[in-house]
Amino acid sequence: RSTLFPYTTLFRSLGGGNSGSKYGFNANNLTLTLSGGGTVVLGQNDGNSTGEAISVGSGVTLMAANHQITQNNPVITVNSGGVFDVNGQNMDSGGPVINLNGTGISGNGAMINSSATQARVSGPSFNLQSSTTINCSSGNIQIEKTIATSAGTFSLTKTGAYSLLISSASYTGDTIINAGTLAFR
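Residues numbered from 1 in each chain as written. Predicted model: local features only at pLDDT ≥ 70, side-chain atom pairs only at ≥ 80, totals over all residues. Heavy atoms only, no water.

Participant: I'm lost on the overall build of the protein chain in this one. Help?
Facilitator: Each helix and strand in the protein chain was counted, giving 1 helix and 18 strands. Here the protein chain holds 185 residues, and the buried ones make up 49% of them. Taking the intrachain contacts of the protein chain between residues at least 6 apart in sequence as the baseline, contacts between residues at least 24 apart amount to 45%. (Helix = DSSP H or I, 4+ residues; strand = E, 2+ residues; numbered from the N terminus. Buried < 20%, exposed > 50% of the residue type's maximum accessible area, 1.4 Å probe, protein only. Contact = heavy atoms within 4.5 Å.)

Participant: Looking at this model, I keep getting lost on the environment of S80. Mind explaining?
Facilitator: Tracing the backbone through its elements, the reader meets S80 in the loop between β7 (75–78) and β8 (83–85). C-alpha of S80 to C-alpha of G59: the two residues are 21 residues apart in sequence and 8.9 Å apart in space. Among all residues touching S80, those that are not within four sequence positions of it are S58, N101 and G102.

Participant: When you look at the nonpolar core in this model, what are you seeing that I'm missing?
Facilitator: As a rule of thumb, nonpolar side chains are buried together in soluble globular proteins. The biggest cluster of nonpolar side chains holds 33 residues, and the ones touching the most others in it are L62, F84, M111, F126, I134 and L164. When residues no more than four places from it in sequence are discounted, the contact partners of L164 are I134, C136, I141, I143, L156, K158, T181, L182 and A183. (Core = buried A, V, L, I, M, F, W, Y, C linked by side-chain atoms within 4.5 Å.)

Participant: Looking at this structure, how should I read unusual backbone geometry?
Facilitator: The phi torsion of most residues other than glycine is negative, and most of the peptide bonds are trans. Its identity is not glycine, yet N87 carries a phi of approximately 50 degrees, on the positive side. Mapped onto the fold, N87 is located in the loop between β8 and β9 (90–91). The phi torsion at S106 lies on the positive side, around 55 degrees, for a residue other than glycine. Position of S106 among the secondary structure elements: in the loop between β10 (97–102) and β11 (111–112).

Participant: How should I be thinking about the environment of V78 in this particular structure?
Facilitator: Checked against the element boundaries, V78 lands in strand β7. Linking V78 and N99, residues 21 residues apart in sequence, is a C-alpha distance of 6.1 Å. When sequence neighbours within four positions are dropped, the list of residues in contact with V78 reads V56, V83, F84, N99, L100, N101 and A110.

Participant: Even after reading the chapter, I still don't get the confidence of the model for the protein chain, so can you show me in this structure?
Facilitator: Any residue range with low pLDDT should be treated as having predicted coordinates unsuitable for detailed reading. The share of residues in the protein chain with pLDDT of 70 or more is 75%, and the mean pLDDT across the chain is 80. At the low end of the mean pLDDT range in the protein chain sits strand β2 (residues 8–10), at 42; at the high end sits β11, at 97. Counting contacts from residues 1–26, a segment whose pLDDT is below 50, to residues more than four positions away or on other chains yields 62 contacts. (pLDDT = per-residue confidence, 0-100.)

And the structure:
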């Protein structure tokens, strides 16, 4: 388990051609725990799997800056009070398992899209681990996974003027639309 304090860019770089020198967190099979408040940006990597699970703590925003790094982390868990900003990225079928909890920082969403570009989230699974808010205040979010619950009955609240586009859902809690559009594709 590693803890990284925010205001840091996580990255992997190929230094000097294809030498493969690595910077940042790149040991396999770690859980990277983000705590302390602020924003952590997942930067660019060379597309090789790094294998870290990421746990986002209260007060921390994890921002995707490149789809490759989000697809190379097997699990992203957003704990109550934390935020995963999909930032207009397209996370394809190799994307991570996403576990969401709570309403994010100041109730503004456990998942947000801060970009005007539509974000697309797909991959193995998308789980509500407690009642959760998704905020589409700057751009649309398209979820191409079945939204499920890991255990229990939890609600999904959609906020923000833009659209939340869902391929399917199997959770048994309420669906609350506070603003914008929720559409099934």
